[in-house]
Amino acid sequence: MRTPIDPDSIGFLINDLARQSRAIFEHEIEAANLTVTAAEARVLAHMARTGATRQHLLADSLGMTPMSVTGFLDRLEKSELVERTPDPKDRRAKIVTLTERASDILIQISQAGRKTEQTISEGLCPKEWDVFYRTALQLRRNIADTLVTDQKDEA
């Protein structure tokens, strides 16, 4: 017996929006002729958002494997856009920090992000976009709260 699946359910919709938005962002990054790939740009943008962080926590928050993030960080470190230093609390762990050199490229990444937002919000009036944005923020808070509660329950 087949179980009906709604292709427009909120789960599919959010996944489709994320995947398609990422494709547009990747196109904007490529069009900008940056010295980093779209995936590296996402790592840099995330680091600008969170600040210095442990390498494994960066991987977790990006939803990537530690091995994938390590490869990106190796290239970004070679380009002097990030630096990794031992965590003073745990010498086995590495803290990843943006360098001053990353500032210019982050401006370009931000511009690509704004172009992406303009593209995906086309046809919406500012009020509609604001309602969507505030709703998305609330959904993110709800999800984060649920995940924290679940983690506490498991402990």
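Here the structure is a predicted model, which is why all the values come from computation and not from measurement.

Enquirer: Please provide a residue-by-residue account of the pairing of strand S2 (residues 82–87), values included.
Expert: The side chains of a regular strand alternate, first on one face of the sheet and then on the other. Judged from the six bridges that link them, S2 and strand S3 (residues 90–98) form a sheet pairing that is antiparallel. Residue pairing in the sheet places Glu 83 in a bridge with Thr 97 of S3. The hairpin formed by S2 and S3 contains two residues between the paired strands.

Enquirer: So what's going on with the sheet that holds strand S1 (residues 53–54)? Residues and values would help.
Expert: Pairing is antiparallel in the open sheet, where three strands are placed in the order S1-S3-S2. Each edge of the sheet is formed by a strand with only one pairing partner; in this case those strands are S1 and S2. Its contacts with the sheet place helix H2 (residues 38–50) against S1, S2 and S3, and it is angled at close to 100 degrees to S3.

Enquirer: Give a detailed account of the packing of helix H3 (residues 55–62) against helix H4 (residues 66–78), specifying residues and quantitative values.
Expert: Contact geometry of H3 with H4 gives a least axis separation of 9 Å together with a crossing angle of 110 degrees. Classified by the angle between their axes, H3 and H4 sit roughly perpendicular to one another. Helix-helix and strand crossings are classified by hand; for H3 and H4 the assignment is right-handed. Counted together, Gln 55, Leu 58, Ala 59 and Leu 62 of H3 and Pro 66, Val 69, Thr 70 and Leu 73 of H4 form the full contact between these two elements. Looking at the contact of H3 with H4 residue by residue, the classes come out as six nonpolar, two polar and no charged.

Enquirer: Give a detailed account of the pattern of salt bridges, specifying residues and quantitative values.
Expert: Under the defined criterion, the tally for this structure stands at nine salt bridges. Measuring nitrogen to oxygen at the nearest pair gives 2.9 Å for the salt bridge that ties Glu 77 to Arg 84. Residue class for Glu 77 comes out partly exposed when judged on its relative accessible area of 31%. Within this structure, Asp 74, Glu 77 and Arg 84 form a network of salt bridges that share partners.

Enquirer: How would you sum up the domain arrangement of the protein? Please name residues and give values.
Expert: Looking at the assigned domains, one finds that the protein contains domain 1 (10–122) and domain 2 (124–155). The centre of domain 1, based on its C-alpha atoms, is set 21 Å off from the matching centre of domain 2.

Enquirer: Can you lay out the environment of Thr 146 for me, pointing to particular residues and giving the numbers?
Expert: Along the chain, Thr 146 turns up in helix H6 (residues 126–154). One polar contact links the side chain of Thr 146 to the main-chain carbonyl oxygen of Asn 142, over a distance of 2.9 Å.

Enquirer: Could you give an account of the nonpolar core, naming the residues involved and the relevant values?
Expert: Counting 25 residues, the largest nonpolar core has Ile 29, Val 36, Leu 44, Leu 73, Leu 76 and Ile 109 as the members making the most contacts within it. Elements with a contribution of two residues or more to this core: helix H1 (10–31), H2, H3, H4 and helix H5 (102–120). In terms of residue count, the dominant contributor to this core is H2 (six residues). Once residues lying within four places of it in the same chain are set aside, the contact partners of Val 36 are Ile 29, Ala 41, Leu 44, Leu 76, Leu 81 and Ile 105.

Enquirer: Which residues make up the UniProt feature "domain: HTH marR-type" (unreviewed entry) in the protein, and what values do they have?
Expert: UniProt tags residues 7–141 as "domain: HTH marR-type" (unreviewed entry). Annotation note: span residues 7–141, helix share 67%, strand share 13%, distance between end C-alpha atoms 24 Å.

Each value, and the rule that gives it
Chains are numbered independently. Their residues run from 1 in the order of the written sequence. Restriction of local features to residues with pLDDT of at least 70 applies here, the model being predicted, together with a cutoff of 80 or more for giving and counting side-chain atom pairs; totals for whole chains, interfaces and linings are based on all residues. Just so you know, side-chain values use all the structure's heavy atoms and leave hydrogens and water out. Strands qualify as paired when DSSP identifies two bridges or more between them. Segments assigned H or I by DSSP are reported as helices when at least four residues long, segments assigned E as strands when at least two residues long, and all are numbered from the N terminus. It only takes one pair of heavy atoms within 4.5 Å for two residues to be counted as in contact. Only the stretch in contact is used when fitting a helix axis, every axis being a line fitted to C-alpha atoms; angles between N-to-C directions are given from 0 to 180 degrees. An angle counts as roughly parallel when it lies under 35 degrees, as roughly antiparallel when it exceeds 145, as roughly perpendicular when it falls between 65 and 115, and as oblique in every other case. Two helices that cross are described as forming a left-handed crossing if the nearer one is turned anticlockwise from the farther one by less than a right angle, and a right-handed crossing if clockwise. Three classes are used: nonpolar for Ala, Val, Leu, Ile, Met, Phe, Trp, Tyr, Cys and Pro, charged for Asp, Glu, Lys and Arg, and polar for all others, with Gly counted as polar. Any carboxyl oxygen of Asp or Glu that lies within 4 Å of a side-chain nitrogen of Lys or Arg is treated as forming a salt bridge with it. For every residue, the accessible area obtained with a 1.4 Å probe (protein chains only) is divided by the maximum for its type, and the residue is called buried under 20%, exposed over 50%, and partly exposed between those limits. Domains are outlined according to an automatic or database domain assignment. The term polar contact refers here to a pair of N or O atoms within 3.5 Å; inside protein, the definition further demands a hydrogen-donor-capable atom paired with an acceptor-capable atom, and it admits residues adjacent in sequence only when both atoms are side-chain atoms. Grouping buried Ala, Val, Leu, Ile, Met, Phe, Trp, Tyr and Cys residues that are joined through side-chain atoms within 4.5 Å yields what is termed a nonpolar core. UniProt positions are given in the numbering used here, feature names are shortened, and annotations may be inferred rather than shown by experiment.

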